[in-house]
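Spelled out, the chains give:
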Amino acid sequence: MSPAASSSDAPSPPSSPAPPSAPRVDFYHLRTLTLEEALMRLVTKATQGGRRAVIRAGSEDRLTHLEALLWTWDPALWLPHGSARDGEGPRQPIWLTTDEDVPNGATVLFLLEGAWPRSLAAFQRVLVLFDGRDDAAVIQARAQWKSARDQGSALPRAPHAQQLPPSQLRHA
């Protein structure tokens, strides 16, 4: 699933080529979907084929909520995951955290609620999800976009123009 410009369902091309070690960073401007709905769909797709992911949230309360949601989102899916409370980080395909830890060797990073790492270099793909109806979240996402650009990441043209294609997700 790719983010799409609000005027079409096609992904925005990167503004400039990224260095070979820099990740692709996509910003998901959520206007009609809940964070949970978008995240569950994206995590499911991102972890197909054995890829590992880290979900970094802004609070322990959010992590607790996401832990329960990962078990119950879709009865037909199994999304094994863990956090520091569970231990065994290297064995967890999906790691939930509020910190910089990446014990599972993840190549995909999900950033929620304004969370931002010191460096993006450890990842191949970074997905930033933010509430497009919240002016403060939009301003923060723009600052994150500039930080990713300054780190040499491949980026869409403008974070404020990104949203999930409704045709690929069910509506909340």
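Residues numbered from 1 in each chain as written. Predicted model: local features only at pLDDT ≥ 70, side-chain atom pairs only at ≥ 80, totals over all residues. Heavy atoms only, no water.

Participant: I tried to follow the overall build of the protein chain on my own but got confused; where do I start?
Facilitator: Secondary structure assignment for the protein chain yields three helices and eight strands. Taken from N to C terminus, the helices and strands of the protein chain fall in the order β-β-α-β-α-β-β-β-β-α-β. Within the protein chain, the proportion of its 172 residues that are buried is 47%. Working note: accessible area of the protein chain is about 8,500 Å², and carbon and sulfur atoms make up 52% of it. (Helix = DSSP H or I, 4+ residues; strand = E, 2+ residues; numbered from the N terminus. Buried < 20%, exposed > 50% of the residue type's maximum accessible area, 1.4 Å probe, protein only. Areas by Shrake-Rupley, 256 points an atom, 1.4 Å probe, with all protein chains shown as cover.)

Participant: What is the right way to look at the environment of Pro156 in this model?
Facilitator: Locating Pro156 in the fold gives a position in the loop between helix H3 (135–150) and strand S8 (162–163). The spatial distance from the C-alpha of Pro156 to the C-alpha of Asp26 is 6.5 Å, given a sequence separation of 130 residues.

Participant: Any chance you could explain unusual backbone geometry here in plain terms?
Facilitator: Unusually for a residue other than glycine, Glu88 sits at a positive phi of about 50 degrees. Tracing the backbone shows Glu88 in the loop between strand S4 (81–83) and strand S5 (94–97). Judged by relative accessible area, which is 48%, Glu88 ranks as partly exposed. Residue Glu113 is not a glycine yet carries a positive backbone phi of 55 degrees. Structurally, the position occupied by Glu113 is in the loop between strand S6 (108–112) and strand S7 (125–131). The class for Glu113 is partly exposed, based on a relative accessible area of 37%.

Structural measurements only, silent on function.
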